[in-house]
Each structure stands twice: as structure tokens, then as C-alpha cells.
Amino acid sequence: VVSACEKDGEWTLALHLLREMADTHVEGNTITYSAAVSACEKGGNWAQALHLFLEMADRHVDRNTIVYNAAVSACEKGGALEQALHLFREMVDCFVERDTITYSAVVSACEKGGQLWQASSGIQRVLLAF
């Protein structure tokens, strides 16, 4: 059901369902949190997407490429350049696989923030590390 909310960008309903799950002692997992983060991203609420992403770590829920990408994209769409770059650096530091969606969102965030040079140098550092 949370995934259906994601597709429509119904972030408030996704959050409600996630909280209702917790109230009934049903633990959220990577898939449910990822869908909720994506719903927030699509609904234009980057701060809530980031909050859920951080909550995943607090609850020891695995964070994979998909959920990182949703969080980075949410920050990109919300103009939160520093947060997007922080998430990108965390992906690198935690050895989370990056893909074209990751790099596209980081470059777009830097472009929107007028800091395209930061994307170029950050991505170049990552590539040189391998």
C-alpha cells in the first residue's frame, strides 16, 4: 500500500501508513521506507524524505542504492544542495553502489545550486579512488 502512495506522491498517506505499522508493532523495512521516502520526494517534501531516511538508520533498517537515490533526488528537487552532497559522500564512504540516477541527481543538485564545479570535482574524486 505504501508503494501505491509512492507512485501518486501521496507522502502524507505514506507517512500515516508507516506510523500505523509501527503502532501495530509491524516493523518497516527497506522496501516500505524506500516507498515512503520516494513518496515524499515525488510530493516535493525533501525535509520529510530526509527525516525518514535518517530514521531508517536509527531503526537499523538497511539503506540501499534505491533509497539513497530517492533521498538525494528529494534534496535535489528541494534545492538542498549540501544535504544531497552529504548523502552522496555517505554513499561513497559506506560503499553503497552508485548508478546513473545517483550521479544525475547530484549533478542536477549542484547545477540548481550554481555549484556545478562541486559535482565535477566530487565525482572525479570518487572515480579516482578506484
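For the structure itself, consult the block above.
Every chain's residues receive numbers from 1 upward, in the order its sequence appears when written. Confidence filtering applies because this is a predicted model: local features only for residues at pLDDT of at least 70, side-chain atom pairs given and counted only at 80 or more, and all residues used for totals across whole chains, interfaces and linings. Hydrogens and waters are ignored; side-chain quantities use all the structure's heavy atoms.

Trainee: Any chance you could break down the nonpolar core for me, citing the residues and the numbers?
Mentor: Note that soluble globular proteins tend to have their nonpolar side chains buried in a common cluster. Throughout, nonpolar core names a set of buried Ala, Val, Leu, Ile, Met, Phe, Trp, Tyr and Cys residues whose side chains join them through atoms within 4.5 Å. For each residue, the accessible area found with a 1.4 Å probe, counting protein chains only, is set against the maximum for its type, and the residue is called buried under 20%, exposed over 50%, and partly exposed in between. Counting 34 residues, the largest nonpolar core has Val 37, Leu 52 and Leu 87 as its most contacted members. At the level of secondary structure, the elements contributing two or more residues to this core comprise helix H2 (11-23), helix H3 (30-42), helix H4 (46-58), helix H5 (65-77), helix H6 (81-93) and helix H7 (100-112). Broken down by element, the residue count for this core peaks at seven residues, all from H5. When checking whether two residues touch, look at their non-hydrogen atoms; a contact exists if any pair is within 4.5 Å. When near neighbours in sequence (up to four residues on either side) are disregarded, Leu 52 contacts Leu 15, Leu 18, Arg 19, Tyr 33, Ala 36, Val 37 and Cys 40. Each helix is a run of DSSP H or I of at least 4 residues and each strand a run of E of at least 2, with the numbering of both proceeding from the N terminus.

Trainee: Would you mind going over the pattern of salt bridges in detail, with residue names and values included?
Mentor: Pairing between side chains of opposite charge can happen when their charged atoms approach one another. Here, a salt bridge means any side-chain nitrogen of Lys or Arg that lies within 4 Å of a carboxyl oxygen of Asp or Glu. Summed over all chains, the structure comprises five salt bridges. One salt bridge connects Glu 55 with Arg 19, and the closest N-O pair in it is separated by 2.9 Å. Highlighted residues: Glu 55 in helix H4 and Arg 19 in helix H2, separated in sequence by 36 residues. A relative accessible area of 30% means that Arg 19 is categorised as partly exposed. Between Glu 90 and Arg 63 there is a salt bridge; the shortest N-O distance is 2.9 Å. Here the residue Glu 90 occupies a position in helix H6, and Arg 63 occupies one in the loop between H4 and H5, the gap between them amounting to 27 residues. By sharing partners, the salt bridges in this structure join Arg 19, Glu 55 and Arg 59 into a single network.

Trainee: I'd like a description of the packing of H6 against H7, backed by residues and values.
Mentor: Angular values range over 0 to 180 degrees, each being the angle between N-to-C directions of two axes fitted as lines to C-alpha atoms, with helices fitted over their stretch in contact. Across the interface, H6 lies against H7 with an axial gap of 9 Å and an inter-helix angle of 150°. When the axis of H6 is compared with that of H7, the two are roughly antiparallel. Along this stretch, H6 crosses H7, giving a crossing that reads as left-handed. For the pair H6 and H7, the contacting residues are Leu 81, Ala 84, Leu 85, Phe 88 and Met 91 in the first and Thr 102, Tyr 103, Val 106, Ala 109 and Cys 110 in the second. Any residue that is not Ala, Val, Leu, Ile, Met, Phe, Trp, Tyr, Cys, Pro, Asp, Glu, Lys or Arg is counted as polar, Gly included; the first ten are nonpolar and the last four charged. Of the residues contributing to the contact of H6 with H7, the split by class is nine nonpolar, one polar and no charged. In this scheme, roughly parallel covers angles under 35 degrees and roughly antiparallel covers those over 145, while 65 to 115 is roughly perpendicular and the rest are oblique. The crossing is said to be left-handed when, going from far helix to near helix, the turn is anticlockwise and less than a right angle, and right-handed when the turn is clockwise.

Trainee: Kindly report on the side chain of Asn 69, identifying the contributing residues and their values.
Mentor: Assignment of secondary structure puts Asn 69 in helix H5. Looking at Asn 69, its side chain comes within polar contact range of the side chain of Thr 102, at 2.4 Å. In this structure Asn 69 touches Met 91, Asp 99, Ile 101 and Thr 102, once residues within four positions along its chain are discounted. Here a polar contact means two N or O atoms within 3.5 Å. Within protein one must be a hydrogen donor candidate and the other an acceptor candidate, and residues neighboring in sequence count only if both atoms are side-chain atoms.

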